[in-house]
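# Coordinate inspection notes
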Amino acid sequence: MDTEIIRQLKQTVTDYASMLGCRPRACIVTFGCQMNARDSEKLRGVLSASGFELTDSEDCDFLIYNTCTVRENANTRVYGRLGKVKSYKKKNPLMMVALCGCMMQEKSVTDEIGSKYGFVDLVFGTFNLDRFPYLLEDLLRARLEEQPCFTRVEIIDSTENDADRLPSARNYPFKAGVNIMYGCNNFCSYCIVPYVRGRERSREPSEILEEIRYLREDGVREIMLLGQNVNSYGKTLNRPKSFAWLLDRIAGEFSSELLIRFMTSHPKDLSDDLIRVMADHNNICEHIHLPVQAGSDRILQAMNRHYTREDYLALIDKIRSAMPDIAITTDIMVGFPSETETDIDQTIDLIGRSGFDNAFTFLYSRRTGTPAAAMEDQVDGETASRWFDKVLEAVHCSARERNRRFAGRIMPVLVEQENRHNDGWISGRISHNLLVHFKGSPKLIGKIIPVKITESKGFYLMGETVSDED
Ligand code: 5AD
Ligand code: SF4
């Protein structure tokens with residue numbers, strides 16, 4: 001990162017602090033997926049490097065909403081919360097408000113912000129995250145010059161940015177997300193991601209490895225390799241590489257030092273090599289998230305997913321033959337245009353046959369500009385909700401059944417946090433990505449310790465420590 005701009009920002013933030021009479025407090029609210037969470041760490045990195053105090057309170061001096069637009073309700077939530085923000089700004093006219101992320105890449109959204117939410121100071125998108133320090137500098141200058149209604153909208157379509165060089169402040173000191181690629185080329189017919197995150201671009205392996213080495217030195221115990229479709233990693237590099245190759249390199253170099261997760265895998269691109277690499281390294285977590293979306297061939301085809309239910313089931317068999325204990329989770333969508341009760345029954349049948357450890361279930365949301373939005377036979381909301389409940393019940397049943405296998409086992413757990421609901425309890429995650437709650441000292445946070453699983457509660461586990469460290 002060009003430290004010149006950070007140096008400049010520090011000075012401007014000091015001037016802004018004098019104007020306010022106190023150190024400015026900034027809050028970032030993140031909507032959506034792991035990619036956004038990682039982008040927010042970069043925003044937070046810039047803010048803390050330039051002198052802001054970070055807070056969870058939206059009633060602050062600089063509020064940023066990092067938005068998501070994958071489903072309509074994500075947009076609705078942002079508009080809903082902006083109402084409240086207006087009242088904060090009335091109270092504190094020097095407050096600055098910024099909106100960024102996927103939702104801002106939609107013209108209809110920036111038009112609406114412009115016409116109805118004039119108090120928003122800054123809007124930027126997913127392709128110019130690297131410009132954040134410069135945009136912030138301009139915004140602060142405007143405040144210092146007492147320009148009351150500074151509004152700047154900077155949205156670009158070019159993918160030539162370099163946000164990887166921004167400083168970053170991690171949400172957890174002991175685990176970190178690492179972007180290995182950006183964008184998506186799949187154009188599933190319901191999905192807005194390729195339009196708001198652009199075409200697929202992979203980072204150079206040397207850059208990725210360098211970042212992971214730094215994280216390791218900085219105390220990180222677990223990394224999550226991030227991409228919309230990690231299985232197509234490396235295709236766009238000058239010297240093409242595969243995801244299996246990258247994972248093998250990382251797992252080999254950091255064996256026994258780092259746990260490795262990755263997200264998300266598209267079933268059509270999951271190779272035999274990848275399965276072999278996962279089975280070969282015991283520092284690769286025993287979990288794969290493999291979105292299936294639907295269990296009916298007709299719907300899968302209309303979704304443009306490029307596999308059949310039998311392909312998917314065969315893939316699950318292959319993965320489980322190599323790694324019998326692996327946790328497989330998925331995403332399922334309900335109410336895609338023209339879907340019928342028979343299609344839903346096929347989805348439910350597939351859930352039963354796959355034995356998912358867990359699944360995120362979503363009601364189909366019509367996203368303007370995607371091919372599915374123009375399809376006939378949109379399913380009415382009431383019918384989709386009824387189907388959703390049926391699918392959810394099948395998912396619960398599968399998760400309860402699968403997660404029972406852990407009871408009685410002693411498993412390594414990476415301790416993540418104090419339990420918010422029970423004093424004296426802490427929570428951590430097993431390799432299979434399931435949360436375990438147990439009594440213990442917060443001093444254990446960030447450590448990997450053995451925990452005896454006493455009970456499975458379906459979507460989470462209860463346990464007790466077996467070491468005398470607590
Ligand atoms: N409606 C509902 N769910 C969607 N997803 C993506 N687009 C939509 C949409 N238009 C879900 C898919 C994907 C997950 C991240 O979000 O299941 O895997
Ligand atoms: Fe969207 Fe499909 Fe790409 Fe996933 S693979 S981001 S669902 S287009």
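Report on the accompanying structure. Treat the numbers as computed from the prediction; the structure is a model and nothing was measured. (Residues numbered from 1 in each chain as written. Chains lettered and ligands numbered in written order. Predicted model: local features only at pLDDT ≥ 70, side-chain atom pairs only at ≥ 80, totals over all residues. Heavy atoms only, no water.)

### A few points about the site of ligand 1
Neighbouring residues of ligand 1: Val70, Arg71, Tyr190, Gln293, Asp331, Met333, Phe362, Leu363, Tyr364, Ser365 and Arg367. Tyrosine 190 places a polar main-chain atom, nitrogen or oxygen, 3.1 Å from a nitrogen atom of ligand 1. Along the lines of polarity and charge, the residues of the shell around ligand 1 split into six nonpolar, two polar and three charged. (Near = heavy atom within 4 Å. Polar contact = N/O pair within 3.5 Å; in protein donor to acceptor, adjacent residues only side chain to side chain. Nonpolar A, V, L, I, M, F, W, Y, C, P; charged D, E, K, R; others polar.)

### Description of the nonpolar core
Ile223, Leu225, Phe243, Leu247 and Ile250 are the most contacted members of the largest nonpolar core, which has 67 residues in total. Here the element with the most residues in this core is helix α8 (residues 243–253); it accounts for six residues. Setting aside chain neighbours within four positions, we find phenylalanine 243 in contact with Ile180, Leu225, Val230, Asn231, Tyr233, Phe262 and Leu274. Residues Phe52, Phe132, Ala163 and Leu166 belong to the second largest nonpolar core, which totals 25 residues. (Core = buried A, V, L, I, M, F, W, Y, C linked by side-chain atoms within 4.5 Å. Buried < 20%, exposed > 50% of the residue type's maximum accessible area, 1.4 Å probe, protein only. Helix = DSSP H or I, 4+ residues; strand = E, 2+ residues; numbered from the N terminus. Contact = heavy atoms within 4.5 Å.)

### Concerning the sheet that holds strand β13 (residues 327–334)
The three strands lie next to each other as β12-β13-β14, forming an open sheet whose pairing is parallel. A strand with exactly one partner marks an edge of an open sheet, and here the two such strands are β12 (287–289) and β14 (358–363). Within the sheet, the average angular offset between the axes of one strand and its neighbour, ignoring direction, is 15 degrees. In this sheet, β14 lies alongside β13 in parallel orientation, the contact comprising six bridges. Its bridge partner being in β14, isoleucine 332 is matched across the sheet by threonine 361. Each of β13 and β14 is contacted by helix α13 (residues 381–403), which is oriented at about 180 degrees to β14, the strand it contacts most. (Pairing = 2+ DSSP bridges. Axes fitted to C-alpha atoms, helices over the stretch in contact; angles between N-to-C directions.)

### Section: the packing of helix α11 (residues 309–322) against helix α12 (residues 341–354)
Helix-helix packing is described using two parameters, namely the angle between the two axes and the distance between the axes. Where α11 contacts α12, the two axes come as close as 11 Å, and the packing angle between them is 15 degrees. If you check the angle between α11 and α12, you find them roughly parallel. α11 and α12 meet at a crossing whose hand is right-handed. For the pair α11 and α12, contact is made by Arg309, Glu310, Tyr312, Leu313, Ile316 and Arg320 and by Gln346, Asp349, Leu350, Arg353 and Ser354, respectively. A breakdown of the residues in the contact of α11 with α12 according to their chemical character gives four nonpolar, two polar and five charged. (Parallel < 35°, antiparallel > 145°, perpendicular 65-115°, else oblique. Left-handed = near helix turned anticlockwise from the far one by under 90°.)

### Quick look at the pairing of strand β3 (residues 62–67)
For a regular strand, the rule is simple: side chains alternate between the two faces of the sheet. Buried residues dominate β3, accounting for six of its six residues. Sheet analysis places strand β1 (residues 25–30) next to β3, joined by five bridges and oriented parallel. Bridge pairing in β3 links isoleucine 28 to isoleucine 64. Of the pairings in the sheet, the one linking β3 to strand β4 (residues 96–101) comprises six bridges and is parallel in character. Within the sheet, the bridge partner assigned to threonine 67 lies in β4 and is glycine 101. This β-α-β element, β3 to helix α3 (residues 72–91) to β4, shows right-handed connectivity. (Right-handed = clockwise from strand over helix to strand, strands pointing away.)

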